[in-house]
Amino acid sequence: MTAQTVHLAYIDTAKELTLLLIHGFPLNSTQWWPQINGLETAARVIAPDLRGFGQSQVTPGPYSMALLADDCAALLDAAGVREPVVPVGLSMGGYIAFEFLRRYPERVAGLILTATRAAADAPAVREGRDATIRQVQAEGTAALIDGMLPRLLADVTLQQNSELVEAVRAMMAAASVDGVIGALYAMRDRPDSTQMLPVIEVPTLIIHGAEDKIVPLDEARAMQASIPNAALEILPRAGHLPNLEQPQRWNAAALHFLEHLRAELRGDAG
Ligand code: MLT
């Protein structure tokens, strides 16, 4: 007896949503280790090393946000991800997430922005990027790392979590000179995303460290005020790497958001 063909609906929970974790500067995908471990049951997690960083190929710069966003889209294609994803961008990763949304709106189901801002670089900041590019070209990345590390982390992290401080230092030290310079150009020339905030249609979660020394908390508050469907989670005792400094709280906020996003996508949100 042959079985009749029947169309079965099914839920594959782990694959229902894909998170695209986009790292900050000058880090790599290992900056997401608490999320890769903590969110994998809730979603498929894809965490690229951007070109020039981690294990990815190093190409000479300058890079651009468009190039880096296109790399992410090509990676999703290669991984067979056709459904809309949730880009999760930390700082520079957030700049790339905005660009991804601008270029591929149909591929975005929701957005998580952490330790990032919508505004482009002010003229003085652009000049600072040029000076850093010259310095890294001449001397390598050591001075950049020494100057940046204390600003990346909250004072409490610097004082009480030496293991994390050293892990972040090692991550920065692993970045290639070409990758660092390429990304500095991309950040220097990135478009301003402020105008797109009011037209972001997807649910958005903003997670920000209360003690972020690189992107002040007011930037996160301004984004929340401008994005129509955005929640803001402020993490105390966290600086510019809140997902590493307060991983449990960061993951709890993300899991809560994903639960609501899933309900909204199913159409049963209250
Ligand atoms: C980052 O953390 O990705 C960078 O510090 C962002 C920036 O320099 O604008």
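Our structure is the block above this text.
Residues numbered from 1 in each chain as written. Predicted model: local features only at pLDDT ≥ 70, side-chain atom pairs only at ≥ 80, totals over all residues. Heavy atoms only, no water.

1. What about the layout of surface pockets?
The test is simple: The pocket and cavity definitions rest on a 1 Å grid over protein atoms only: a 1.4 Å probe that fits but cannot leave marks a cavity, an open set with protein on both sides within 12 Å along at least five of seven lines marks a pocket, and residues lining either have an atom within 4 Å of a point. Grid points are joined across faces, edges and corners, and a volume is the space filled by probe spheres set on the points. Numbered from the N terminus, helices here are DSSP runs of H or I no shorter than four residues, and strands are runs of E no shorter than two. In this classification, Asp, Glu, Lys and Arg are treated as charged, Ala, Val, Leu, Ile, Met, Phe, Trp, Tyr, Cys and Pro as nonpolar, and every other residue, Gly included, as polar.
Taken as a whole, the largest pocket holds about 520 Å³ of empty space. What lines the largest pocket is a set of 28 residues, among which V125, R129, M148, R151 and I214 lie closest to the centre. Elements represented by at least two residues in the lining of the largest pocket include exactly α4 (92-103), α5 (123-139), α6 (142-152) and α9 (177-188). Broken down by element, the lining of the largest pocket gets its largest block of residues, six residues, from α6. By residue class, the composition of the lining of the largest pocket is 17 nonpolar, six polar and five charged.

2. Thoughts on the pattern of salt bridges
Pairing between side chains of opposite charge can happen when their charged atoms approach one another. Inclusion rule: Salt bridges are identified by distance alone: a Lys or Arg side-chain nitrogen within 4 Å of an Asp or Glu carboxyl oxygen. Summary of the burial criterion: residues with accessible area below 20% of their type's maximum are buried, those above 50% are exposed, and those between are partly exposed, where the area comes from a 1.4 Å probe applied to protein chains only.
Tallied over the full model, the rule gives 14 salt bridges. When the shortest N-O distance is used, the salt bridge between R107 and D77 registers 2.9 Å. Of this pair, R107 sits in the loop between α4 and β4 (111-114) while D77 is found in helix α3 (residues 65-78), placing the two residues 30 residues apart along the sequence. The class of D77 is partly exposed, set by a relative accessible area of 38%. For D121, the salt bridge goes to R129, with nearest N and O atoms at 2.7 Å. A single burial state applies to D121 and to R129, both of which are buried.

3. Looking at the packing of aromatic side chains
Cut-off, in case you're wondering: A pair of aromatic rings is counted whenever rings of Phe, Tyr or Trp (Trp by its six-membered ring) have centres within 6.5 Å, and the orientation is called stacked for planes under 30 degrees apart, edge-to-face for over 60 and tilted otherwise. Lysine and arginine charges are scored as sitting over a ring when NZ or CZ, respectively, is within 6 Å of the ring centre and within 35 degrees of the ring normal.
Applying the stated rule across the entire model yields two aromatic pairs. Ring centres of F100 and Y104 lie 5.2 Å apart, and the angle between their planes is 45°; on these two criteria the pair is classed as tilted. By relative accessible area, which is 0% here, F100 ends up buried. Taking NZ or CZ as reference, R190 lies 3.8 Å from the ring centre of Y95, over its face.

4. Observations concerning the nonpolar core
The condition is simple: To form a nonpolar core, buried Ala, Val, Leu, Ile, Met, Phe, Trp, Tyr and Cys residues must be joined to one another through side-chain atoms within 4.5 Å. The contact criterion used throughout is that any non-hydrogen atoms of two residues lie within 4.5 Å.
Counting 85 residues, the largest nonpolar core has F25, M92, I96, F100, I112, V168 and W250 as the members making the most contacts within it. If you tally residues by element for this core, the top one is α4, at seven residues. V168 has contacts with L27, L149, L152, L241 and L244, leaving out every residue within four places of it along the chain.

5. Digging into helix α10 (residues 217-226)
Residue pairs spaced three or four apart in an α-helix point in one direction, given the helix's 3.6 residues per turn. Short version of the rule: The directions from the helix axis to the C-beta atoms are what the arc is built from.
Those residues of α10 lying buried are L217, A220 and M223. Viewed along the axis of α10, the buried residues span an arc of 120°, placing them on a single side of the element. The exposed set on the far side of α10, more than 90 degrees from its buried face, consists of D218 and A225. Elements that come into contact with the buried residues of α10 comprise α4, β4, β5 (204-209) and β6 (230-235).

6. Some thoughts on unusual backbone geometry
In this structure, the amide linkage connecting F25 to the following residue, P26, adopts the cis form with an omega of -10°. The amide bond that connects G61 to the next residue, P62, takes the cis arrangement and shows omega of -5°. Structurally, the position occupied by P62 is in the loop between β2 (44-46) and α3. In this model, A115 sits at a positive phi of 55°, which is unusual for a non-glycine residue. In this fold, A115 is placed in the loop between β4 and α5. Within the chain, R237 stands out as a residue other than glycine whose phi angle is a positive 55°. Mapping R237 onto the fold places it in the loop between β6 and α11 (242-245).

7. Points about the side chain of H240
Summarising the element assignment, H240 is placed in the loop between β6 and α11. In contact with H240, not counting residues within four places along its chain, are L90, S91, A115, R151, L152, D212, I214, V215 and E245.

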